[in-house]
Amino acid sequence: MVHNYYKISGGEDKVVEEEVNLLKNNKVDVIKYFITNEKIQVNGAINKLKLGINTIFSKKQYNLLKEVLLKERPDVVHFHNTFPLFSPSVYYACHSVGIPVVQTLHNYRLGCAGAMLLRDGQVCEKCIQGSLINGIKHGCYRDSRIQTVPLSTMLYTHRLLNTWNKRVSKYIALTSFSKKKFKEIGLDEKKIAVKPNFIKSQHTSNDTKENQVLFVGRISKEKGLHLLLEAWEGLSPQFETKLNIIGDGPLKEELASKYEKYKNINFLGKLDSNEVLGHMAKSKYIVVPSVWYEGFPMTIIEAYSVNTPVISSNIGSLKEVVKEEVTGFHFENNNVADLKYVLEKALKYKAYEDLQENIKVHFDNNYTSDINFKILMNIYKEVIGSGKSEK
């Protein structure tokens, strides 16, 4: 299992840890090969140049991984995040010793320098439908044209080499929607399997919901908390419902200051997993107001695991994972007025217990660790039986 951890831990890192534990609990031998972005040195022109070159093809990581593979001889190598330190060179390392590659697609990095198909708070697919130069033109990676150049060069180079189709045996998309997008990016549809995220069920017979709604996630523009707060501000006083916000991020101080006068809005900061689940279990709804094509937010599965319905924007995978009036409600993406309307509709919804019952059935049929293990092992067995990757 190979993964490049981000400086700020997120849902992707959590998925990796859950998957490693899932495999180990089912008696599968797992060798972890993890690195972190903490090692990145960006001071000085030379270090920036080295990082840019290594993003395209890291000879160092090629040699290091090949050494591990020759020593351990695994049946399959499963990649999660390879950006920026591993680079696509690690696929070539696996191919050189005949070991099949599985790659989970957590975001849209293979077709977008910014990884989210988002620009200026709006969905953007210009680099899918047109040239990758669009990413450089708009500085889609960290709002910097200079920093976007090596990333777009990496994408262009490996499109030309057909690395994504020749050196990866199987991809894992988290939803059918994302599978469709990756096909548009240029991946071979036959190589894309769909496997959702998962979590151990937390269902209990005495779930007690309180008069509160919850947001959990990174407090940044793409997560849409600013939209939720604006909608919440306009809610009718009759509801007397609390909005609890768990998480941290670049917009936290600004939003907390702006809404500090509201007694029914509470910024709780970053909490550990057990505390988060505790708040989820007590909340009437979880709200996911993201404005980008989310992969498959762990917050939704966590909410389902404690019988809590979800209110989400009607965009991308969210529209697929949250079932309208079955496991929750949708509102029109980026529309504050519609979000306010849906919040009020949800808070006075008469068949709330039916939502909870639907969630329990939906979770047990789709998102348990047992089901996920079977899907994952079938993917591994398929690629192990295929021998060497295509030349």
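Overview of the structure. (Residues numbered from 1 in each chain as written. Predicted model: local features only at pLDDT ≥ 70, side-chain atom pairs only at ≥ 80, totals over all residues. Heavy atoms only, no water.)

For the rest of this paragraph, the subject is helix α3 (residues 59-72). Between the first and last C-alpha of α3 there are 20 Å, a value that for 14 residues agrees with the 20 Å anticipated at 1.5 Å per step. Within the span of α3, buried status applies to Gln61, Tyr62, Leu65 and Leu69. Taken around the axis of α3, the buried residues stretch over an arc of 105°, which confines them to a single face. Seen from the buried face of α3, the exposed residues on the opposite side, beyond 90 degrees, are Lys60, Glu67 and Lys71. (Helix = DSSP H or I, 4+ residues; strand = E, 2+ residues; numbered from the N terminus. Expected span 1.5 Å × (residues − 1). Buried < 20%, exposed > 50% of the residue type's maximum accessible area, 1.4 Å probe, protein only. Arc of directions from axis to C-beta.)

Okay, the packing of helix α13 (residues 298-305) against helix α16 (residues 352-366) next. Look at α13 against α16: their axes get within 9 Å of each other, and the N-to-C directions meet at 115°. Considering only the axes of α13 and α16, their crossing is left-handed. Contact with α13, carried on its side by Ile301, Tyr304 and Ser305, involves Ile359, His362 and Phe363 of α16 and no other residues of that element. When its residues are assigned to classes, the contact of α13 with α16 shows four nonpolar, two polar and no charged. (Axes fitted to C-alpha atoms, helices over the stretch in contact; angles between N-to-C directions. Left-handed = near helix turned anticlockwise from the far one by under 90°. Contact = heavy atoms within 4.5 Å. Nonpolar A, V, L, I, M, F, W, Y, C, P; charged D, E, K, R; others polar.)

This part takes up the sheet that holds strand β14 (residues 328-331). Spatially, six strands are ordered β11-β10-β9-β12-β13-β14 in an open sheet, and the strand pairing comes out parallel. A single partner strand is all that each edge strand has here, and the edge strands are β11 (265-269) and β14. Neighbour to neighbour, the strand axes of the sheet diverge by 25° on average, direction disregarded. With four bridges connecting them, strand β10 (residues 242-246) and β11 associate as parallel partners. Residue asparagine 244 lies in a different strand from β11, and its bridge partner there is asparagine 266. Along the sheet, helix α12 (residues 273-282) makes contact with β9 (212-216), β10, β11 and β12 (285-288), crossing β9 at roughly 145°. Seen against the sheet, helix α15 (residues 336-347) touches β9, β12, β13 (310-313) and β14 and runs at an angle of roughly 160° to β14. (Pairing = 2+ DSSP bridges.)

Along a regular strand, successive side chains alternate from one face of the sheet to the other. Burial of strand β7 (residues 170-173) is two-sided: the residues Lys170 and Ile172 facing one way and the residues Tyr171 and Ala173 facing the other way are all buried. Strand direction decides the pairing type here: strand β4 (residues 101-105) and β7, joined by four bridges, are parallel. Within β7, the position partnered with glutamine 103 by the bridge is tyrosine 171. Sheet analysis places β7 next to strand β8 (residues 192-194), joined by three bridges and oriented parallel. If you follow isoleucine 172 over to β8, its bridge partner there is alanine 193. Following the chain from β7 across helix α9 (residues 176-185) to the adjacent parallel β8, one finds a crossover that is right-handed. (Right-handed = clockwise from strand over helix to strand, strands pointing away.)

What follows deals with the packing of aromatic side chains. Where two aromatic rings form a pair, the distance of their centres and the angle of their planes describe that pair. Scanning the entire structure with this criterion turns up 17 aromatic pairs. On the numbers, 6.3 Å between centres and 25° between planes, the contact of tyrosine 304 with tyrosine 367 is stacked. Taken together, the residues tyrosine 304 in helix α13 and tyrosine 367 in the loop between α16 and α17 (369-384) connect sequence positions 63 residues apart. Of the aromatic side chains, those joined through ring pairs into one cluster are Tyr108, Phe177, Phe182 and Tyr293. Lying across the ring of phenylalanine 83, arginine 109 places its NZ or CZ 4.1 Å from the centre. Cation over ring: lysine 284 sits above tyrosine 352, and NZ or CZ is 5.3 Å from the ring centre. (Phe/Tyr/Trp six-rings, centres within 6.5 Å; stacked < 30°, edge-to-face > 60°. Lys NZ or Arg CZ within 6 Å of the ring centre and 35° of its normal.)

On to helix α1 (residues 11-25), then. Here α1 is 15 residues long and its end C-alpha atoms lie 21 Å apart, about the 21 Å a rise of 1.5 Å per residue gives. Looking at α1, one finds that the buried residues are Glu12, Asp13, Val15, Val16, Glu19, Val20, Leu22 and Leu23. Elements that come into contact with the buried residues of α1 comprise β1 (2-5), β2 (33-36), β3 (77-79), α13 and α17. Two residues or fewer past α1, lysine 27 is found with a positive phi of approximately 65°.

Let us now look at unusual backbone geometry. In this chain, phenylalanine 83 is followed by proline 84 through a cis amide linkage whose omega measures 0°. Here proline 84 lies in the loop between β3 and α4 (89-96). A positive phi is found at aspartate 120, a non-glycine position, where the angle reads about 55°. As for its placement among the helices and strands, aspartate 120 is situated in the loop between β5 (118-119) and β6 (122-123). Residue classification places aspartate 120 among the exposed residues on the basis of a relative accessible area of 65%. If you check the backbone angles, glutamate 240 has positive phi at about 45° while not being a glycine. Along the chain, the position of glutamate 240 falls in the loop between α10 (225-233) and β10. On the basis of relative accessible area, glutamate 240 is assigned to the exposed category, the value being 67%.

Let's shift gears to the environment of aspartate 143. By the element assignment, aspartate 143 lies in the loop between α6 (133-137) and α7 (145-160). Spatially, the C-alpha atom of aspartate 143 lies 8.9 Å from that of glycine 114, the residues being 29 residues apart in sequence.

So, about the side chain of serine 152. Relative to the helices and strands, serine 152 resides in helix α7. A relative accessible area of 4% places serine 152 in the buried class.

What is shown is where atoms sit, not what they do.
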